[in-house]
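Here are the chains, one letter per residue:
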Amino acid sequence: MTRHFLADDDFTPVEQAEVLALAARMKAAPFAAKPLEGPVTVAMIFDKPTLRTQASFAAGIAELGGHPTLVDGALAGIGKRESVADVARVLGRQAGQIVWRTYAQRAIEEMAAHSGVPVINALTDEFHPCQLLADLLTITEHKGTLAGLKAVFLGDAACNMGNSWALAGASAGMHVVLSGPLGYQPEESMVERARAIAVVTGGSVSIEVDPRAAVADADVVITDTWVSMGKEDESAARLADLAPYQLNAELLAVAKDDAIVMHCLPAYRGKEITAEVLDGPRSVIWDEAENRRHAQKAVMAWLQDRR
Ligand code: CP
């Protein structure tokens, strides 16, 4: 059966570890593996803005011996001019894999149900699983391990990154703390879904409203923009509500002395994170951005082996 990567828990904890190990090997020898040799075409569709995702997928597909082709979602009119199912059937006859950044999770699930080829979530409103694999690879590089580490996600914990941190961090056996005010916390069903994984891996998932209590003794402190794509009309309220969750030097001081700072970018210095912290010695954000390519190459190679 064709496998897809639509949400972080589409990989079991064992599979997640396999993919991360493959990503590390691919980073060490970027041109050694050619599972997309042919070249296999990978269709990339972006319905929302992107820099890192399109650049890292395009470079990664080329390094794997494949051919990236950008399908203009607006021109194709996916779900408007033609149903998602029919687009999936057509793209599945032209491409060996499909990478899609879109809005609704149910749309990418429909694409996967009808494509006949692996579909990869390049961000939806609900999840950003490729980012999480890059983040976990980066943490492994800097900390040597994942299981048992305390990772704190600050700010809008109800966003796709909060959800993905809950699922992927739990899969890796980490202790994930999601810290945001009421109204910015993940749905209870998402927390329960992550906790069911954590029971197996020895990790944990908790919610903490107080940012100082959340960050205390953290190994990894993560934040993201307070105004996710599609939330622009809520900007003023979000900046006010989330101000106490700014990742600044004073807050970072309560984390462990060797804690690292992560941000999936784009970042807004002076809002969710200060320039001092983002550009400071604890920040691993540029490694994190680079690791998108290595992690996604591993995902594509892994899925290609299981068509
Ligand atoms: N972090 C991330 O997904 O970056 P882009 O939105 O630029 O692709």
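Residues numbered from 1 in each chain as written. Predicted model: local features only at pLDDT ≥ 70, side-chain atom pairs only at ≥ 80, totals over all residues. Heavy atoms only, no water.

Undergrad: Hey, could you run me through the overall build of the chain in this one?
TA: In terms of helices and strands, the chain carries 13 helices and 9 strands. At 19 Å, the chain has a C-alpha radius of gyration in line with the 19 Å of a compact globule built from 307 residues. Judged by the C-alpha coordinates and their principal axes, the chain covers about 55 × 40 × 35 Å. The buried share of the chain, reckoned over its 307 residues, is 56%. The long-range fraction of contacts in the chain, counting pairs at least 24 apart against all pairs at least 6 apart in sequence, stands at 76%. Per element, the accessible surface of the chain, about 12300 Å² overall, is 53% carbon and sulfur. Of note, the chain has its 28 positive side-chain charges centred 5 Å away from the centre of its 40 negative side-chain charges. (Helix = DSSP H or I, 4+ residues; strand = E, 2+ residues; numbered from the N terminus. Rg over C-alpha atoms; globule rule 2.2 N^0.38 Å. Buried < 20%, exposed > 50% of the residue type's maximum accessible area, 1.4 Å probe, protein only. Contact = heavy atoms within 4.5 Å. Areas by Shrake-Rupley, 256 points an atom, 1.4 Å probe, with all protein chains shown as cover. Lys, Arg positive; Asp, Glu negative; His and termini not counted. Charge placed at Lys NZ, Arg CZ, Asp CG, Glu CD.)

Undergrad: Is there a simple way to think about the pairing of strand β9 (residues 260-263) in this case?
TA: A regular strand carries its side chains on alternate faces of the sheet. Burial along β9 is two-sided: I260 and M262 facing one way and V261 and H263 facing the other are all buried. Here strand β8 (residues 220-223) runs beside β9; their pairing, made up of 4 bridges, is parallel. Pairing of I222 across the sheet is with M262, part of β9. (Pairing = 2+ DSSP bridges.)

Undergrad: Help me out: how do you make sense of the side chain of Q131 in this one?
TA: With respect to the helices, strands and loops of the structure, Q131 is situated in helix α6 (residues 129-143). By relative accessible area, which is 2% here, Q131 ends up buried.

Undergrad: Can you walk me through the site of the ligand in this structure?
TA: Around the ligand sit P49, T50, L51, R52, T53, R101, H128, Q131, C264, L265 and R292, and those are all the residues in its vicinity. Between the ligand and R292 there is a distance of 3.1 Å, counted from an oxygen atom to a side-chain nitrogen or oxygen. Protein contact buries 95% of the 260 Å² of open area that the ligand shows by itself. A per-class count over the shell around the ligand returns 4 nonpolar, 4 polar and 3 charged. (Near = heavy atom within 4 Å. Polar contact = N/O pair within 3.5 Å; in protein donor to acceptor, adjacent residues only side chain to side chain. Nonpolar A, V, L, I, M, F, W, Y, C, P; charged D, E, K, R; others polar.)

Undergrad: Would you explain the side chain of Q246 in this entry?
TA: Within the secondary structure, Q246 sits in the loop between α10 (235-242) and α11 (249-252). Every residue in contact with Q246, bar those within four places of it in the chain, is listed here: W226, L251, G270, K271, E272, I273 and T274.

Undergrad: Whenever I open this one, helix α7 (residues 160-171) confuses me. Can you help?
TA: The end-to-end C-alpha separation of α7 is 16 Å, in line with the 16 Å expected for 12 residues at 1.5 Å each. Along α7, 12 of the 12 residues are buried, which leaves the element largely enclosed by surrounding structure. Among the residues of α7, those classed as buried are N160, M161, G162, N163, S164, W165, A166, L167, A168, G169, A170 and S171. (Expected span 1.5 Å × (residues − 1).)

Undergrad: Even after reading the chapter, I still don't get the sheet that holds strand β1 (residues 41-46), so can you show me in this structure?
TA: In space, the 4 strands of this open sheet follow the order β2-β1-β3-β4, with parallel pairing throughout. Looking along the sheet, the strands with just one partner apiece sit at the ends: β2 (67-71) and β4 (119-121). Adjacent strand axes in the sheet meet at a mean angle of 25 degrees when their direction is disregarded. Pairing of strand β3 (residues 97-101) with β4 involves 3 bridges; the strand directions are parallel. Paired with W100 across the two strands is N121, which belongs to β4. Together, β1, β3 and β4 form the strand contacts of helix α5 (residues 105-115), whose direction differs from that of β4 by roughly 165 degrees. (Axes fitted to C-alpha atoms, helices over the stretch in contact; angles between N-to-C directions.)

Undergrad: Looking at this model, I keep getting lost on the sheet that holds strand β7 (residues 204-207). Mind explaining?
TA: Adjacent strands of a sheet form backbone hydrogen bonds with each other and so pair up, either parallel or antiparallel. Sheet architecture is open: 5 strands sit in the order β7-β6-β5-β8-β9, paired in parallel fashion. In this open sheet, the two strands that pair with only one neighbour each are β7 and β9. Taking the axes of each pair of neighbouring strands and ignoring which way they run, one obtains an average angle of 20 degrees across the sheet. Contacting β8 and β9, α6 runs over the sheet at an angle of about 165 degrees to β9. Contacts from α7 reach β5 (150-154), β6 (175-179), β7 and β8 within the one sheet, and its direction differs from that of β6 by about 165 degrees.

Undergrad: Teacher, can you tell me more about helix α13 (residues 285-304) here?
TA: Given 3.6 residues per helical turn, the α-helix brings residues three or four places apart onto the same face. Taking 1.5 Å of rise per residue, 20 residues should cover 28 Å, and α13 covers 29 Å from first to last C-alpha, within 8% of that figure. At N291, α13 is bent by approximately 35 degrees, the largest bend along its length. When you tally the buried positions in α13, you get 15 out of 20 residues, the bulk of the element. (Bend = angle between axes of the 7 residues up to and from the residue.)

Undergrad: Can you walk me through the nonpolar core in this structure?
TA: Most often, soluble globular proteins keep nonpolar side chains buried together rather than apart. Core analysis: the largest hydrophobic core is formed by 62 residues, its most contacted members being F57, L136, I139, W165 and M174. For W165, the residues in contact, after removing those within four places along its chain, are L132, D135, L136, I139, A151, F153, A170, M174, V176 and I222. One finds A214, V221, A259 and I285 within the second-largest nonpolar core, a separate group that totals 20 residues. (Core = buried A, V, L, I, M, F, W, Y, C linked by side-chain atoms within 4.5 Å.)

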